[in-house]
Amino acid sequence: MAKKYVEGVVVECKFPNKAIVETEDGARVEVKRALPGQRVAVKITRNRKTLKKGKLLEVLERSEIETAPDCPHAPICGGCMYQTLTYDKESALKKAMMDELYGTDVPYTSAPEPYHYRNKMEYTFGDAEKGGPLTLGLHHKQGFYDIVSTDGCLLVPEDMETIRKAVESYFRDLGTPFYHRMKHEGVLRFLVVRHARATDSYLVNLVTTSEGIDEAAFVDLLKNLSLKGKIASIYHTISDDWADAIKPEKVEHLAGDAFLNERLLDLDFQIGPFSFFQPNPDTAKIIYEKARELAGREKGVVYDLYSGTGTIGQILAKEAKEVIGIEIVESAVEDANRAAKENGIGNAHFLAGDVLELIDTLKTRPDLLVVDPPRDGIHPKAIGKLADLDAPRILYISCNPVTQLRDIDILRARGYEVEHLEAVDQFPRTAHVESLALLVKKK
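Let us look at the structure shown here.

Turning next to the overall build of the protein. When you go through the protein residue by residue, the secondary structure sums to nine helices and 22 strands. The C-alpha radius of gyration of the protein comes to 23 Å, within 12% of the 22 Å expected for a compact globule of 443 residues. Each principal axis of the C-alpha distribution contributes one length, and for the protein these read about 65 × 60 × 35 Å. For the protein, the computed accessible surface area is about 20200 Å², with 50% contributed by carbon and sulfur atoms. The positive charge centre, built from 59 side chains, and the negative charge centre, built from 69, are 4 Å apart in the protein.

The following block contains the structure:
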């Protein structure tokens, strides 16, 4: 019987999560989640002359750059990528991949701390194996429907792991079923926990189907936990949508404050259950300081597109004549306008809607265009409209340098050139990096 897999050595890694395996017969296969120098077993999933793709089955021999992981879940948990590298080696690898992606030497800033940095985690209810006990955690590397109970996770504050573990144990003892994504039946879907460092407080949002839970008992469970910080807000979100994502149909505020209070640089922000806020406060501060530096003392009009909770726009508003933000998530726009009012910023206002549509309604023209789009980058139809604004400068902040580079190439064809480019490690131990590019219009 022929082997159902091939063996080879990883000879190249490309941003963000691609590796090239050279097999014993000289073929080159693209896989995910592999490191330079590893000898691996790969199942071929796409076998074409110009492009072969595969699924990593097993690491047969470690790379010489690897070491023992700090986390016991590293072999199976999909939350991390680089647990078998020291953080120095992870940073060096990420920088090398960024340099290769952009074809230049990209200045790179590592995170101040590689662990316990995340201020938000979205946990999924499921089981570790078919028919096993209820599990609450992150998806398995090799099986999307298998869930890893992330006991002792190093990416989050200790209290966050205490909350996760208590909720898992509580519903496991009750025998409450998780929502089965294939059968479309069950109750428990997600648990979202958010943390505000300024107040060391937590917001807990339990997401279930409309079959519901005993809300009063759930609140009592959380209130009685022994934590270093405090649980300041508790929500229950109802979602019967078949999609494996949080699509709130009903949101109930069960207890505590409506928002978490957070402070970044010299501004105060209120974070709700669905607010967008940078997941790493340490590097968020670095990114926003760099953004303020690149924007300079902009005295004109600033457009803050894909503005989220309006953090960047409010930071730049102190120097600008006017800041106009656009964000498609209505709750984020409410957060942004409320924060601007409470921070005493009267020259920044934020609009709810699609950038593609609202950009045509704005009367003033920007002196600086700030874009911070989602991972997919700027919509192909929107980027043409943004170029038509003819802004002298564009500050492009991205959580996906691949789509950022794609968009930069389009803007280059429309008369822009890159004046500054750099990367910041917003997501240590994962495959992701944040990048900032300042583009200027050619004269």
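Our focus in this paragraph is empty space enclosed by the protein. Inspection of every chain in the model, using the stated rule, returns three cavities of 30 Å³ or more. Approximately 100 Å³ is the volume found for the largest cavity. Looking at the largest cavity, it is lined by 13 residues, and the ones nearest its centre are C71, C77, C80, Q83 and C153. Its residues placed into classes, the lining of the largest cavity shows nine nonpolar, four polar and no charged. Here the second largest cavity is characterised by a volume of approximately 80 Å³. F276, Y288, D304, Y306, S307, G308, T309, G310, T311, I312 and D372 together form the lining of the second largest cavity. The class makeup of the residues in the lining of the second largest cavity is four nonpolar, five polar and two charged.

All right, on to the environment of K4 then. As for its placement among the helices and strands, K4 is situated in the segment before β1 (6-14). K4 gets classed as exposed once you look at its relative accessible area, which sits at 68%. The spacing of K4 and P157 is 153 residues in sequence and 42 Å in space, taken between C-alpha atoms.

Moving on, we get to the pattern of salt bridges. For side chains bearing opposite charge, pairing can occur when the charged atoms are close. The final tally for this structure, using the stated rule, is 30 salt bridges. Residues K385 and D360 are paired through a salt bridge, measuring 2.5 Å at the closest nitrogen-oxygen approach. Taken as a pair, K385 in helix α8 (residues 380-388) and D360 in the loop between α7 (355-358) and β19 (368-371) lie far apart in primary sequence, 25 residues in all. A relative accessible area of 27% places K385 in the partly exposed class. Each of the salt bridges in this network shares a partner with another, and the network as a whole consists of E90, K94, D425 and R429.

Attention now goes to the packing of aromatic side chains. In this structure the tally under the stated criterion is four aromatic pairs. Relative to F171, the ring of Y170 has its centre 4.8 Å away and its plane inclined at 75°; by these criteria the two rings are edge-to-face. Each member of the pair Y170 and F171 is classed as buried. Pairwise contacts between aromatic rings join F125, Y170, F171 and F218 into one cluster. Over the ring of Y179 we find R189, and its NZ or CZ is 4.1 Å from the ring centre.

The strand order across the open sheet built from eight strands is β6-β21-β22-β20-β19-β16-β17-β18, with neighbouring strands paired in mixed fashion. At either end of the open sheet lies a strand with only one pairing partner, and these are β6 (108-109) and β18 (348-352). Judged from the six bridges that link them, strand β20 (residues 393-398) and strand β22 (residues 434-441) form a sheet pairing that is antiparallel. Bridge pairing links L395 to L438 in β22.

The next thing to look at is the state of the cysteines. Linking two cysteines covalently via their sulfur atoms produces the bond known as a disulfide. Following the criterion strictly, the structure yields zero disulfides and no others. The cysteine C71 is free of any disulfide, with C153 supplying the nearest cysteine sulfur at 6.3 Å. When its relative accessible area of 11% is taken as the criterion, C71 is described as buried. C153 carries a free sulfur, and the closest cysteine sulfur to it, the one in C80, is 6.3 Å from it.

Basis of the calculations
- Residues numbered from 1 in each chain as written.
- Predicted model: local features only at pLDDT ≥ 70, side-chain atom pairs only at ≥ 80, totals over all residues.
- Heavy atoms only, no water.
- Helix = DSSP H or I, 4+ residues; strand = E, 2+ residues; numbered from the N terminus.
- Rg over C-alpha atoms; globule rule 2.2 N^0.38 Å.
- Areas by Shrake-Rupley, 256 points an atom, 1.4 Å probe, with all protein chains shown as cover.
- Lys, Arg positive; Asp, Glu negative; His and termini not counted.
- Charge placed at Lys NZ, Arg CZ, Asp CG, Glu CD.
- 1 Å grid on protein atoms, 1.4 Å probe; cavity = no way out; pocket = protein on both sides within 12 Å on 5 of 7 lines; lining within 4 Å.
- Points joined across faces, edges and corners; volume = space filled by probe spheres on them.
- Nonpolar A, V, L, I, M, F, W, Y, C, P; charged D, E, K, R; others polar.
- Buried < 20%, exposed > 50% of the residue type's maximum accessible area, 1.4 Å probe, protein only.
- Salt bridge = Lys/Arg side-chain N within 4 Å of Asp/Glu carboxyl O.
- Phe/Tyr/Trp six-rings, centres within 6.5 Å; stacked < 30°, edge-to-face > 60°.
- Lys NZ or Arg CZ within 6 Å of the ring centre and 35° of its normal.
- Pairing = 2+ DSSP bridges.
- Disulfide = S-S within 2.5 Å.

Any link to function would need more than the numbers given here.
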